[in-house]
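# Results of the structural survey
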Amino acid sequence: NQGNLAYSVGVTLDRFIKLKQSDFPFASGELSQILRDIALASKIVNRETNRAGLSNIGGAFGQTNVQGEEQQKLDVIANIRFMRALSKGGEVCAIVSEEEDCVIDLQNNSGKYVVAIDPLDGSSNIDVNISIGTIFSIYRRKTPVGSPITTEDVMQPGNQQVAAGYVLYGSSTMLVYTTGFGVNGFTYEASLGEFFLSHPSIKAPETGKIYSINEGLELEWEAGVKSFVKDCKEKKYQSRYIGSLVADFHRNLLKGGIYLYPATFNNPSGKLRLLYEANALAFIIEQAGGKASDGENRILDIQPESLHQRTPLLIGSKHMVEEAEELFRISESEI
Ligand code: P6P
């Protein structure tokens, strides 16, 4: 089938997008254009990330973002690059970015799509050369093209995504995305400036032996989390926590495992953001046969109330997420 053909001839991302465009008779190339725009920006961010140490653009930029976190120069550069690429591509009318306090209205009266993006997640890892990532979601706008952007356009539940993906700037740079027809991974060949299909039809193992959680917060965990992590230790699972969401997610997607960033007493809604972190990864993991919840509810069904709202996140192999949810339920019932 097309997947095998693509794999056998070392197909580029561009060629794959064209091959798969028939999945979207109604999108007539607009969605493909957005994916190309994102891939282009990621190539530029990849180059700048790789040079960060050399051209001394690492380290703080002296400003803070809406999260109150010190903004790394690469954060700012990545945000500018993705905004510029999406704006020039002409298909997007509004952007929600981790780096922007409010919605960016591109004043594009023909743009049918909205993008939610974390341009460079895990940026505190840049200075110590740990993998970082870009996370993005693509929605169709709800209100008529050309009319003013409304919250109805930008605060859509994750189940409305038409595409989602991430770029992992790691030992190699990969782009992994879904348009609702499975998950495919592309590895960047910098000497050619191309992404090549390297992981066709990614499937998340139904279970695994890896759990990812920041154990430093153990004293703040609720009983259900404590009980699940204790269960993992009794089963001699491996603890793997990089502290960079995209890197932890990607390893668990390929090898099987679960990533948890639960609610804690200090952060009752967890730390991760719904619109531009959890939703995209939830779409991908479900397309790969896995699961994503806030411990109780399916991430993709959560109706956003604010742009930067946080959500607890359990994501990864289906059976592991279900085990965790079950232990959360039992602990809840024992209170
Ligand atoms: P903690 C990075 O800041 C991030 O948003 C994710 O990439 C990462 O998984 C998480 O926060 C790490 O948070 O509290 O464990 O340092």
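The structure displayed is predicted, hence computed values, not measured ones.

Cut-off values and rules
- Residues numbered from 1 in each chain as written.
- Predicted model: local features only at pLDDT ≥ 70, side-chain atom pairs only at ≥ 80, totals over all residues.
- Heavy atoms only, no water.
- Helix = DSSP H or I, 4+ residues; strand = E, 2+ residues; numbered from the N terminus.
- Rg over C-alpha atoms; globule rule 2.2 N^0.38 Å.
- Buried < 20%, exposed > 50% of the residue type's maximum accessible area, 1.4 Å probe, protein only.
- Contact = heavy atoms within 4.5 Å.
- Areas by Shrake-Rupley, 256 points an atom, 1.4 Å probe, with all protein chains shown as cover.
- Lys, Arg positive; Asp, Glu negative; His and termini not counted.
- Charge placed at Lys NZ, Arg CZ, Asp CG, Glu CD.
- Pairing = 2+ DSSP bridges.
- Axes fitted to C-alpha atoms, helices over the stretch in contact; angles between N-to-C directions.
- Salt bridge = Lys/Arg side-chain N within 4 Å of Asp/Glu carboxyl O.
- UniProt positions renumbered as here; feature names shortened; annotations may be inferred.
- Core = buried A, V, L, I, M, F, W, Y, C linked by side-chain atoms within 4.5 Å.

### Description of the overall build of the protein chain
Each helix and strand in the protein chain was counted, giving nine helices and 15 strands. Taking 2.2 N^0.38 as the reference for a compact globule, 335 residues should give roughly 20 Å; the C-alpha atoms of the protein chain span a radius of gyration of 19 Å, in line with that estimate. Taking the principal axes of the C-alpha coordinates as reference, the protein chain spans close to 55 × 45 × 45 Å. Counting only residues that meet the buried cut, the protein chain has 56% of its 335 residues in that class. Contacts spanning at least 24 positions in sequence make up 62% of the contacts within the protein chain whose residues lie at least 6 apart. Working note: accessible area of the protein chain is about 14200 Å², and carbon and sulfur atoms make up 50% of it. Of the side-chain charges in the protein chain, 32 are positive and 41 negative, and the distance between the mean point of each set is 7 Å.

### Things to note about the side chain of Arg-251
Note that Arg-251 resides in helix H7 (residues 245–255). What Arg-251 contacts, discounting residues up to four positions off in sequence, is Ile-210, Ser-212, Arg-240, Ile-242 and Gly-256.

### Some thoughts on the pairing of strand E9 (residues 183–189)
In terms of residue burial, E9 counts as a mostly covered element, since five of its seven residues are buried. Pairing of strand E8 (residues 173–178) with E9, which is carried by five bridges, proceeds in the antiparallel orientation. Within the sheet, the bridge partner assigned to Leu-175 lies in E9 and is Phe-186. Count of turn residues in the E8/E9 antiparallel hairpin: four residues, of which Gly-180 carries a positive phi of about 95°. As judged from the five bridges shared by E9 and strand E10 (residues 194–199), these two strands associate in the antiparallel manner.

### Regarding the sheet that holds strand E11 (residues 210–212)
In space, the five strands of this open sheet follow the order E12-E11-E13-E15-E14, with mixed pairing throughout. Each edge of the sheet is formed by a strand with only one pairing partner; in this case those strands are strand E12 (238–239) and strand E14 (291–293). Relative to E12, E11 runs parallel, the two being bridged by two bridges. Its bridge partner being in E12, Tyr-211 is matched across the sheet by Ser-239. On the sheet, helix H8 (residues 274–287) packs against E14 and strand E15 (313–316) and is oriented at approximately 30° with respect to E15. Against the sheet, helix H9 (residues 318–334) engages E11, strand E13 (258–261), E14 and E15, with an angle of about 150° to E15.

### Focus on the pattern of salt bridges
Opposite charge on two side chains allows them to pair when their charged atoms are near. Scanning the model with the defined rule gives 16 salt bridges in all. In this structure, the salt-bridge partner of Glu-323 is Lys-235, at a minimum N-O distance of 3.6 Å. Of this pair, Glu-323 sits in helix H9 while Lys-235 sits in the loop between helix H6 (223–234) and E12, placing them 88 residues apart in sequence. The class of Glu-323 is partly exposed, set by a relative accessible area of 26%. Since its relative accessible area comes to 37%, Lys-235 is described here as partly exposed.

### Observations concerning the UniProt feature "binding site: Mg(2+) 2" (unreviewed entry) in the protein chain
Mapped onto this numbering, the UniProt entry gives "binding site: Mg(2+) 2" (unreviewed entry) at Asp-118, Asp-121 and Glu-277. Taken together, the annotated residues stretch across 160 residues yet fold into one region, lying no more than 8.5 Å apart by C-alpha. Here Asp-121 shows up in strand E5 (residues 113–121). If we ignore the near neighbours within four places in the chain, the residues touching Asp-121 are Ile-132, Gly-133, Ile-135, Ser-244, Leu-245, Val-246 and Glu-277.

### Quick word on the nonpolar core
Membership of the largest hydrophobic core comes to 43 residues, with the highest contact counts inside it found for Tyr-166, Phe-249, Leu-253, Ile-299 and Ile-315. If one sorts the elements of this core by residue count, H8 sits on top with ten residues. Setting aside residues up to four positions removed in sequence, Phe-249 forms contacts with Tyr-166, Leu-281, Ile-284, Ile-285 and Ile-315. Within the second largest apolar cluster, 41 residues are counted, among which are Leu-13, Phe-82, Met-83 and Leu-197.

### A few points about the pairing of E15
By the alternation rule, side chains of E15 split into Leu-313 and Ile-315 and Leu-314 and Gly-316, which are all buried. Bridging between E14 and E15 involves three bridges; their strand directions are antiparallel. Of the residues in E15, the one forming a bridge with Lys-291 is Gly-316.

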